[in-house]
Amino acid sequence: MSSQVCTASAPFFGFMGVTASLVFANIGAAYGTAKSGVGIASMGVMNPGLVMKNIIPVIMAGVLGIYGLIVAVIIQGSIQKPEISDGQEVMKYSLFSGFAHLAAGLCCGLSGLAAGMCIGIVGDAGVRAIGQQEKLFVVVILILIFAEALGLYGLIVALILSTNTYVCE
């Protein structure tokens, strides 16, 4: 096979996909947790009985980190190390696979980041509003579900992208 397709740098792109998936998704999860947590703490001063009911945005933000972890583990398991054949290193992992895994990692990670930002902002404002008017609970939860769906879409596309591989022979 052409040395341009099966280069020694191909695994770099796969490992960058692993990194992007985990890091960006965890940044989104951390932001969503922190921002929602500030709102819960502020609301809890005025209405402490609603604190446990309003912990949902924090849980939803944490799930985004799990999405990134799932994709990172799947991609990492697909990266093949070079084999020794006749005293020479033979690459099995192609640039095509590396680019597909990088795209999968970026897809999941950046979707998780966007969803985490959305969950954080909605969670902060939402739990404060629920502290003043409990009838808003269902509306806020629906908004949070649609925000979480953004991360889920990234996970689904990343799983599809991660199956695109080409093995060098």
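In this text the structure is predicted, and so the values were computed from the model without any measurement.

What counts and how
Residues numbered from 1 in each chain as written. Predicted model: local features only at pLDDT ≥ 70, side-chain atom pairs only at ≥ 80, totals over all residues. Heavy atoms only, no water. Helix = DSSP H or I, 4+ residues; strand = E, 2+ residues; numbered from the N terminus. Rg over C-alpha atoms; globule rule 2.2 N^0.38 Å. Buried < 20%, exposed > 50% of the residue type's maximum accessible area, 1.4 Å probe, protein only. Contact = heavy atoms within 4.5 Å. Areas by Shrake-Rupley, 256 points an atom, 1.4 Å probe, with all protein chains shown as cover. Axes fitted to C-alpha atoms, helices over the stretch in contact; angles between N-to-C directions. Parallel < 35°, antiparallel > 145°, perpendicular 65-115°, else oblique. Nonpolar A, V, L, I, M, F, W, Y, C, P; charged D, E, K, R; others polar. Salt bridge = Lys/Arg side-chain N within 4 Å of Asp/Glu carboxyl O. Disulfide = S-S within 2.5 Å. UniProt positions renumbered as here; feature names shortened; annotations may be inferred. Core = buried A, V, L, I, M, F, W, Y, C linked by side-chain atoms within 4.5 Å.

Turning our attention to the overall build of the chain. Counting its regular elements, the chain contains 4 helices and 2 strands. Secondary structure elements of the chain, listed N to C terminal, follow the sequence α-α-β-β-α-α. By the compact-globule yardstick of 15 Å for 169 residues, the chain is too spread out, its C-alpha radius of gyration being 21 Å. In the chain, which comprises 169 residues, the proportion classed as buried is 41%. Of the contacts formed within the chain by residues at least 6 apart in sequence, a portion of 85% connects residues at least 24 apart. Split by element, the accessible area of the chain, about 8,600 Å² in all, is 71% carbon and sulfur.

Two elements in contact, helix α1 (residues 10-46) and helix α2 (residues 56-78), have axes whose closest approach is 8 Å; the angle formed by their N-to-C orientations is 175 degrees. As the angle between them shows, α1 and α2 are arranged roughly antiparallel. In the contact of α1 with α2, the residues fall into 13 nonpolar, 12 polar and no charged.

Pairs may arise between side chains of opposite charge once their charged atoms sit close together. Going through the model one piece at a time under the given rule, you end up with 3 salt bridges. Residues Asp-124 and Arg-128 are paired through a salt bridge, measuring 2.7 Å at the closest nitrogen-oxygen approach. Taken together, the positions of Asp-124 and Arg-128, both in helix α3 (residues 95-132) and 4 residues apart, correspond to about one turn of that helix. Its relative accessible area of 10% is what places Asp-124 among the buried residues. Beyond isolated ion pairs, a larger network of salt bridges with shared partners links Lys-35, Asp-124 and Arg-128.

With that out of the way, let us pick up the state of the cysteines. Summed over the entire model, instances satisfying the criterion amount to 1 disulfide. Lacking any disulfide linkage, Cys-108 is separated from the closest cysteine sulfur, that of Cys-107, by 7.4 Å. Take Cys-108: its relative accessible area is 1%, and that puts it in the buried class. For Cys-118, which is in no disulfide, the shortest distance to another cysteine sulfur is to Cys-108 and amounts to 16 Å. Of the residues examined, Cys-118 reaches a relative accessible area of 27% and is grouped as partly exposed.

Feature annotation in UniProt places "domain: V-ATPase proteolipid subunit C-like" (unreviewed entry) on residues 16-75 and 102-161, given in this structure's numbering. Helix and strand shares over residues 16-75 are 85% and 0% respectively, and the end C-alpha atoms of the span are 10 Å apart. In residues 102-161, helix accounts for 93% and strand for 0%; the two terminal C-alpha atoms are 9 Å from one another.

In this section: the UniProt feature "transmembrane region" (unreviewed entry) in the chain. UniProt marks residues 12-34, 55-79, 99-124 and 136-161 with the feature "transmembrane region" (unreviewed entry), using the numbering shown here. Across residues 12-34, the secondary structure splits into 100% helix and 0% strand, with the terminal C-alpha atoms separated by 32 Å. From the first C-alpha to the last, residues 55-79 spans 38 Å; its make-up is 92% helix and 0% strand.

Our focus in this paragraph is the nonpolar core. The biggest cluster of nonpolar side chains holds 28 residues, and the ones touching the most others in it are Leu-64, Val-71, Ile-75, Ile-119 and Leu-144. Every element with two or more residues in this core is listed here: α1, α2, α3 and α4 (137-162). When sequence neighbours within four positions are dropped, the list of residues in contact with Leu-64 reads Ala-25, Ala-29, Gly-112, Ala-115, Gly-116, Ile-119, Glu-148 and Gly-151.

Another point: the packing of α2 against α3. At a closest axis distance of 9 Å, the pairing of α2 and α3 adopts a crossing angle of 175 degrees. With respect to α3, the axis of α2 lies roughly antiparallel. Contact with α2, carried on its side by Pro-57, Met-60, Ala-61, Leu-64, Tyr-67, Gly-68, Val-71, Ile-75 and Ser-78, involves His-101, Ala-104, Gly-105, Cys-108, Gly-112, Ala-115, Gly-116, Ile-119, Gly-123 and Val-127 of α3 and no other residues of that element. Grouping the amino acids of the contact of α2 with α3 by side-chain chemistry returns 12 nonpolar, 7 polar and no charged.

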